[in-house]
Every structure is written in C-alpha cells, then in structure tokens.
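So you can see what is in the structure, the chains are spelled out below.
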Amino acid sequence: MTGIVCLDQEDGLLFNGRRQSRDRVVTEKILSMTEGKPLWMSAYSRRIFPEDAPVCVAEELVGKLAEPARKDAEQEELEREEAAQKEPWQQPGEAAFCLIEEAVNLENEMIDEWIVFRWKRVYPADVFLKFPADDWEKELIETFAGYSHEEIDLERYRKRDRAKF
C-alpha cells in the first residue's frame, strides 16, 4: 500500500489535532494519481474531497497504521487468523492508497511506499512524520504550483530494502 501525507518543511503533519494546511491542487493530484485504484482515508480527510470523488472511508485502516509494529511470530499468527477475513484494502493484487492525516508508525509493514506533498513553508506542528535516512530512500518527483501555495514538492519514499525507482 502507498501512504499519502502532506508535510511542512520541518516534517510537521498536524497541529492541535488538525491538518496544517490544504491545497485544492494537491487534492486534484491525489485523485489523478490514484485513479482507478482504491483511495482509503478517514472521515476527517474525506471532507476535503468533492462529494462525487471515488474515495473510501476506513477509520479502522487508519487506526491500524498507527499501531506499533508487531514481532514476527505475533504477525504470522495474526495473519493466519485474519486470512479468511480480509479487509477490502488487503485484497491480493489490489494496489491501494491511503491518505493519512494523523500520527502513523513508519515501521508498520502495511505501507511500503510514501507519497509526500511537502509545503514550502513551516507551520506550527505538534505531530511530526520524519523518515529516518537509514531506512527510507527519497526521490523528488516534481515541484508544482498549488492554488494557495506558490510551490509544493511531490516526493516519494521507499524502504531501502525495496527501493527500486
């Protein structure tokens, strides 16, 4: 699964439980890049998309992404137990995206790639999402003009053990 986040220049994600900023061009780019594939998000995130946008609200998925990484034996046991009861975002062969606007555990194995929209500003923040350089490889895809931001960087991060751009 590919996680999508919006961060400021200092990796800020949230302030006082709310998103730092938003930009309608980012929303349009997210819909364009995920066209035809599931785009999961919380009800909070759903509000910034047009009513007719093909998105799926899944509070339980966003909650699972915040959980600490499990130990291997625990993970294997859970996978066996849950194999028969797969959630829609876990279907085999299904490329899926998840817009995340809350604290998340970068070690969670559900996400193997991140798309980061980076504001070219610093906002007040109390929740951060910092990608450790030892574990994640970064690629700058493009810099574009937003609606309310002069410049926004679009970045991709992949786990170093899977980083094949």
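Worth saying up front: this structure is predicted, and the values here are computed from it rather than measured. Sequence positions are assigned chain by chain, starting from 1 and proceeding in written order. Reporting of local features is limited, given that this is a predicted model, to residues whose pLDDT is at least 70; pairs of side-chain atoms are given and counted only at 80 or more, and all residues count toward the totals for whole chains, interfaces and linings. Side-chain measures here rest on the full set of heavy atoms in the structure, leaving out hydrogens and waters.

Draft legend 1. How the structure looks around the overall build of the chain. Counting secondary structure elements, the chain contains four helices and 10 strands. Put simply, the chain has 165 residues, and 42% of those count as buried. Nonlocal contacts in the chain, meaning residues at least 24 apart in sequence, comprise 71% of its contacts between residues at least 6 apart. Entry remark: accessible area of the chain is about 9500 Å², with carbon and sulfur atoms responsible for 46%. Working definition: helices are DSSP H or I runs of at least four residues, strands are E runs of at least two. Numbering for both runs from the N terminus. Burial classes: relative accessible area under 20% of the type maximum marks a residue as buried, over 50% as exposed, and values in between as partly exposed (1.4 Å probe, protein chains only). Here, two residues are considered to be in contact whenever any of their heavy atoms come within 4.5 Å of each other. Note on areas: these come from Shrake-Rupley sampling with a 1.4 Å probe, and a residue is covered only by the protein chains present in the view.

Draft legend 2. Quick look at the pairing of strand β7 (residues 113-119). For β7, the tally of buried residues reaches seven of seven residues, placing the bulk of the element in the interior. Burial along β7 is two-sided: E113, I115, F117 and W119 and W114, V116 and R118, pointing in opposite directions, are all buried. Bridge count for strand β1 (residues 2-7) against β7 is six bridges, and the pairing is parallel. Note that in β7 the partner of V5 across the bridge is V116. Note on pairing: two strands pair once DSSP finds at least 2 bridges between them.

Draft legend 3. Just the environment of E60, in detail. The residue E60 is located in helix α3 (residues 59-66) in this model. Of the residues examined, E60 reaches a relative accessible area of 44% and is grouped as partly exposed. Measuring from C-alpha to C-alpha, the distance between E60 and S42 comes to 8.6 Å, with 18 residues separating the pair along the chain.

Draft legend 4. Structural detail: the nonpolar core. V5, C98, I100, W114, L129 and F131 are the most contacted members of the largest nonpolar core, which totals 22 residues. Looking at this core, the elements with two or more residues in it are β1, β2 (12-15), α3 and β7. Examining the composition of this core, we find that three residues originate from one element, α3, more than from any other. Definition of nonpolar core: a set of buried residues of the types Ala, Val, Leu, Ile, Met, Phe, Trp, Tyr and Cys, connected through side-chain atoms within 4.5 Å. The next biggest cluster of nonpolar side chains, apart from the first, holds 19 residues, and it includes C6, I30, V55 and Y123.

Draft legend 5. Spatial organisation of the side chain of T27. Residue placement: T27 occurs in helix α1 (residues 24-33). Residue T27 is classed as buried on the basis of its relative accessible area, which comes to 8%. Once you skip the residues sitting within four places of it in the chain, T27 turns out to touch I48, F49 and P50.

Draft legend 6. Quick look at the packing of aromatic side chains. Pairing of aromatic rings covers Phe, Tyr and the six-membered ring of Trp, with a centre-to-centre limit of 6.5 Å; geometry is then stacked below 30 degrees between planes, edge-to-face above 60, and tilted otherwise. Throughout the structure, instances matching the rule amount to one aromatic pair. When the ring of F117 is compared with that of F144, the centres are 6.2 Å apart and the planes differ by 85°; the resulting orientation is edge-to-face. Taken together, the residues span a long stretch of sequence, with F117 in strand β7 and F144 in strand β9 (residues 136-144) at a distance of 27 residues. Each member of the pair F117 and F144 is classed as buried. Two conditions define a charge located above a ring, namely a distance within 6 Å from the ring centre to NZ of Lys or CZ of Arg, and an angle within 35 degrees of the ring normal. Above the face of the F144 ring, K29 is positioned so that its terminal group lies 4.6 Å from the ring centre.

Draft legend 7. Geometry of the pairing of strand β10 (residues 152-159). With seven of eight residues buried, β10 is to be regarded as a mostly interior element. Taken together, the seven bridges between β7 and β10 define a ladder with antiparallel strand orientation. Pairing of F117 across the sheet is with L154, part of β10. Of the strand pairs in this sheet, β9 and β10 are connected by eight bridges, and their pairing is antiparallel. Looking across to β10, one finds that T143 is bridged to D153.

Draft legend 8. The sheet that holds strand β3 (residues 18-19), seen in detail. Here three strands make up an open sheet; going across it, the order is β3-β2-β8 and the pairing antiparallel. Only two strands of the sheet have a single neighbouring strand rather than two, namely β3 and β8 (127-128). Both β2 and β8 contribute to a ladder of two bridges, which runs antiparallel. Residue pairing for β8: L14 is matched across the bridge by V127.

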